[in-house]
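Chain residues, written in single-letter form:
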Amino acid sequence: MSGGSESDDCVTANGMVYIPEVRNEETPTVGMKFDSLDLAYNFYNRYAFLAGFGIRLHSSFRGTNKKEILRKEFVCCKQGAYRKDETRERKRQRGISRCNCKAKIVVVKTNGSKKYAISLFAEGHNHKMTDSERVHLLRSHRRISDSTKVLTKQLGSVNIPIHQKVSIFEVQSGGMDKIDFIKKDIYNLECSVNGKLRNHDVELVTEYFMAEQKKKNEAFYFKIEGDGEDKFSRCFWADATSRRAYRLYGDVVVFDTTFNTNRYDLKFAPILGVNNHGQKIVLACTFLSKETTESFIWMFEEFKKAMQGGEPKTIITDQDAAITRAISIAFPTTFHRLCIWHITSKFHVKLPHSAYKEYWREFQKAIWDTDNKDEFDAKWNIVVTKAGFTDHQWLSSMFDLRESWVPAYARDFFAAGMSSSQRAEGSHAFFKQYISRRNSLMDFIIRFERALSHQRQKELAADHVDAFEVAQCILPMPMNKQMATLYTRAMFQKFEKELIQRTACFLELKTEDASKVVFN
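Cut-offs used in this document
The residue count restarts for each chain, going from 1 along the sequence in the order it is written. Per-residue local features of the predicted model are confined to residues with pLDDT of at least 70, and side-chain atom pairs are confined, for both listing and counting, to 80 or more; whole-chain, interface and lining totals are unaffected and use all residues. Hydrogen atoms and water are omitted, and side-chain values are computed over all heavy atoms in the structure. A run of H or I in DSSP becomes a helix once it reaches four residues, and a run of E becomes a strand once it reaches two; helices and strands are each numbered from the N terminus. In this scheme, a residue with accessible area under 20% of its type's maximum is buried, one over 50% is exposed, and one in between is partly exposed, where area comes from a 1.4 Å probe on protein chains only. Each accessible area is a Shrake-Rupley estimate made with a 1.4 Å probe; only the visible protein chains count as cover when residues are assessed. Strands pair, by our definition, only if DSSP identifies at least two bridges between them. Any pair of residues with heavy atoms lying within 4.5 Å of one another is described as a contacting pair. Here, axes are lines fitted to C-alpha atoms. For helices the fit covers the stretch in contact, and angles between N-to-C directions go from 0 to 180 degrees. Helices are assigned an expected span. That span is 1.5 Å times one less than the residue count. The patches reported here contain residues having more than 30% relative accessible area and no salt bridge. Joining distances are 9 Å for like charges and 5 Å for nonpolar side chains (Val, Leu, Ile, Met, Phe, Trp, Tyr). For salt bridges, the criterion is a side-chain nitrogen of Lys or Arg within 4 Å of an Asp or Glu carboxyl oxygen. Among buried residues, those of type Ala, Val, Leu, Ile, Met, Phe, Trp, Tyr and Cys that are joined through side-chain atoms within 4.5 Å constitute a nonpolar core. What pLDDT conveys is the predictor's confidence in a given residue, as a value from 0 to 100. Under this scheme an angle from 65 to 115 degrees is roughly perpendicular, one under 35 degrees roughly parallel, and one over 145 degrees roughly antiparallel; angles in between are oblique. Helix crossings are classified by the rotation of the near helix relative to the far one: an anticlockwise turn of less than a right angle makes the crossing left-handed, while a clockwise turn makes it right-handed. Only Asp, Glu, Lys and Arg are considered charged, only Ala, Val, Leu, Ile, Met, Phe, Trp, Tyr, Cys and Pro nonpolar, and every remaining residue, Gly among them, polar. Directions pointing from the helix axis toward each C-beta atom define the arc. Any pair of nitrogen or oxygen atoms within 3.5 Å is treated as a polar contact; in protein, a donor-acceptor pairing is required on top of that, and neighbouring residues in sequence qualify only through side-chain atoms on both sides. Working definition: rings of Phe, Tyr and Trp (its six-membered ring) pair if their centres are within 6.5 Å, and the pair is stacked with planes under 30 degrees apart, edge-to-face with planes over 60 apart, and tilted otherwise.

**What about the overall build of the chain?**
So, step 1. For the chain, the count of helices and strands is 17 helices and 16 strands.
So, step 2. Here the chain holds 520 residues, and the buried ones make up 42% of them.
So, step 3. About 30100 Å² of surface is accessible on the chain, with carbon and sulfur atoms providing 52% of the total.

**Brief notes about the sheet that holds strand β1 (residues 33–34)**
Through backbone hydrogen bonds, the strands of a sheet pair up, either in parallel or in antiparallel fashion.
So, step 1. Spatial strand order, β1-β5-β4-β3-β2: five strands in an open sheet with antiparallel pairing. Where the open sheet ends on each side, the last strands, each with one partner, are β1 and β2 (55–62).
So, step 2. Relative to strand β4 (residues 104–108), strand β3 (residues 69–76) is paired through five bridges, and the arrangement is antiparallel. Of the residues in β4, the one forming a bridge with Lys 72 is Val 107.
So, step 3. Strands β1, β2, β3, β4 and β5 (116–122) of the sheet are contacted by helix α1 (residues 37–51), whose axis makes an angle of about 15° with β3.

**Some thoughts on α1**
So, step 1. An ideal rise of 1.5 Å per residue puts 21 Å on 15 residues; α1 measures up with 21 Å between its terminal C-alpha atoms.
So, step 2. All of the buried residues along α1 are Leu 37, Ala 40, Phe 43, Tyr 44, Asn 45, Tyr 47, Ala 48 and Ala 51.
So, step 3. Within two residues after α1, Gly 52 carries a phi angle of roughly 110°, on the positive side.

**Examining a nonpolar patch on the surface**
So, step 1. On the surface, a nonpolar cluster with roughly 380 Å² of combined accessible area is contributed by Leu 507, Leu 509, Val 517 and Phe 519.
So, step 2. Mapped onto the fold, Leu 507 is located in the loop between α17 (489–501) and β15 (509–512).

**Things to note about the nonpolar core**
So, step 1. If you look at the biggest cluster of nonpolar residues, it comprises 28 residues, and the most contacted ones within it are Phe 236, Phe 255, Phe 296, Met 299, Phe 300 and Phe 303.
So, step 2. When residues of this core are traced back to their parent elements, those giving at least two are β7 (232–238), α6 (240–249), β8 (252–255), β12 (280–288), α7 (293–306) and α8 (321–330).
So, step 3. It is α7 that contributes the most residues to this core, six residues altogether.
So, step 4. Here Phe 300 is in contact with Phe 255, Ile 315, Ala 326, Ile 327, Ala 330 and Phe 331, once residues within four sequence places are set aside.
So, step 5. Leu 338, Trp 360, Phe 376 and Leu 395 belong to the second largest nonpolar core, which has 25 residues in total.

**Here we look at the confidence of the model for the chain**
So, step 1. Overall, the prediction assigns the chain a mean pLDDT of 85, with 87% of residues at 70 or greater.
So, step 2. Model confidence for the chain, summarised as mean pLDDT per element, is weakest for helix α14 (residues 422–431) at 59 and strongest for β4 at 96.
So, step 3. For the stretch residues 1–13, pLDDT sits under 50, and the model shows 27 contacts to residues farther than four places along the chain or on other chains.

**A closer look at the packing of helix α16 (residues 478–486) against α17**
In a packed pair of helices, the relevant descriptors are the angle between the two axes and the axis-to-axis distance.
So, step 1. Their axes nearest at 10 Å, the elements α16 and α17 cross at an angle of 165°. As judged from the angle between their axes, α16 and α17 are roughly antiparallel. In this structure, α16 meets α17 at a crossing whose hand is right-handed. In contact with Met 479, Asn 480, Met 483 and Ala 484 of α16, α17 contributes Phe 492, Phe 495, Glu 496 and Leu 499.
So, step 2. Taken together, the residues that form the contact of α16 with α17 break down as six nonpolar, one polar and one charged.

**Comments concerning α8**
So, step 1. Those residues of α8 lying buried are Ala 322, Ile 323, Ala 326, Ile 327 and Ala 330. The arc that holds every buried residue of α8, seen down its axis, measures 130°, which confines them to one face.
So, step 2. Buried-residue contacts for α8 involve β8, α7, β13 (314–317) and β14 (335–338).
So, step 3. At the N-terminal end of α8, a side-chain oxygen is found 3.0 Å from the backbone nitrogen of Ala 322, two or three residues along, and the residue is Asp 320.

**Considering the packing of aromatic side chains**
So, step 1. Applying the stated criterion to the full structure yields 39 aromatic pairs.
So, step 2. Judged by centre distance (6.0 Å) and plane angle (15°), the ring pair of Tyr 44 and Tyr 47 falls under stacked. Separated by three residues within a single helix, Tyr 44 and Tyr 47 lie in helix α1, roughly one turn from each other.
So, step 3. Since its relative accessible area comes to 1%, Tyr 44 is described here as buried.
So, step 4. The class for Tyr 47 is buried, based on a relative accessible area of 1%.
So, step 5. Measuring from ring centre to ring centre gives 5.0 Å for Phe 347 and Trp 394, while their planes differ by 85°; the resulting arrangement is edge-to-face. One end of the pair, Phe 347, is in helix α10 (residues 347–350); the other, Trp 394, is in helix α13 (residues 393–400), with 47 residues separating them in the sequence.

**Notes on the pattern of salt bridges**
So, step 1. For the structure shown, the criterion picks out 21 salt bridges.
So, step 2. Notably, a salt bridge pairs Glu 25 with Arg 23, separated by 3.5 Å at the nearest N-O pair. With respect to burial, Glu 25 and Arg 23 carry one shared label: exposed.
So, step 3. Taking the shortest distance from any N to any O, the salt bridge between Lys 516 and Asp 513 comes out at 3.4 Å.

Printed below as a string of structure tokens:
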């Protein structure tokens, strides 16, 4: 190259011209012919890589039929000049890379010829070449191969973030300078794919659910409603496995709406249950755009259509007025239990700090250490009076609702070992391993199905253990051995723990008949 300054800045003012030093066989020449424009581009781009600059496509000229390109220019990436648009507000300020460089090649196709020939080769640049260790960062020398695109999609399906994808490609290729692209290219690829799917979610999800329904002999149930603009308003679905599980384990369900898992901020509201191993199971799923009484009634009515076996005996939810009204309408015979964890977690917010610190232990004893309703009422009133909170609005409202959340009032209602919606929140933590807020609805459903299959595999593994092994009994008692054959392994371990603890108790015979003996 001819001389110049040590910087990479454009030097048009001093008139210096930079001529790349590349072997003759790698350098374009006028008259050189190519079978296609792609081959011409690739040859010039290869030359640019060796020289130390990037290229891009420029102007085209088409024939009279407008289908065939007869003339095409490939120019240096620094061609053109920066023009500031005063009317356009920019979110970020980009550096200026163009300096009106004139380096380029022009290829033309003459009449009757099937090949493109170089008609012009402008070799000189008005800027220094990029160093060899940085040339791979220029845009025209970055490329994501088809195999990399496939792997990127597969890694995305298991929620691998972009920076970890790039690290994987780096290890595969042997260094960042050998992977042929940068992190931003992967980000742009995913944005491009997501952009093509955007505004088609209703159509895609409907087609997916219809295919599932056809494949599973109509046992797959779904209902979708849109807002008239190809967007979801609400969506409900339950597959055959979930519908079958409800017939077996639908006595108690947990419902929660605190899970935002998609780019549209739709509420994902799963309805969950517990199986005979004590594991969380998904009974149905819903997307809701609005958390209104009408939306919840719609969801519960769809749930009743999908499930055989009638209303659940107990439903556990957060304290929400819209949900409460919807349950009273859709499930009039169901016991609605409020999540005790969410209520007790509000004490430190609703009470003054000093009062909470002084009296919280007494509130805990009233809530958890009482065996009947009268005992709870007495202990609650004592601590409220002692703390001077007889007129406290929130405490009074919680006392009025005590039948819905206090254990002493709920002992007569089967709850499958649950007293809060933490089962739902624990399920959220599990599903977050597979899904993210960047997901489209179609992405979400595919990834959710995969997570669901993993969850069900754990249930299958527990079934296998029960069928293949016999539980060992710690206590050599006839009742213990009998229960080992009746309970699942998880439930038997809970039973045996209770049985061991009862050995510390004094027993008093209460009643006895031909079928049973009852002790106090």
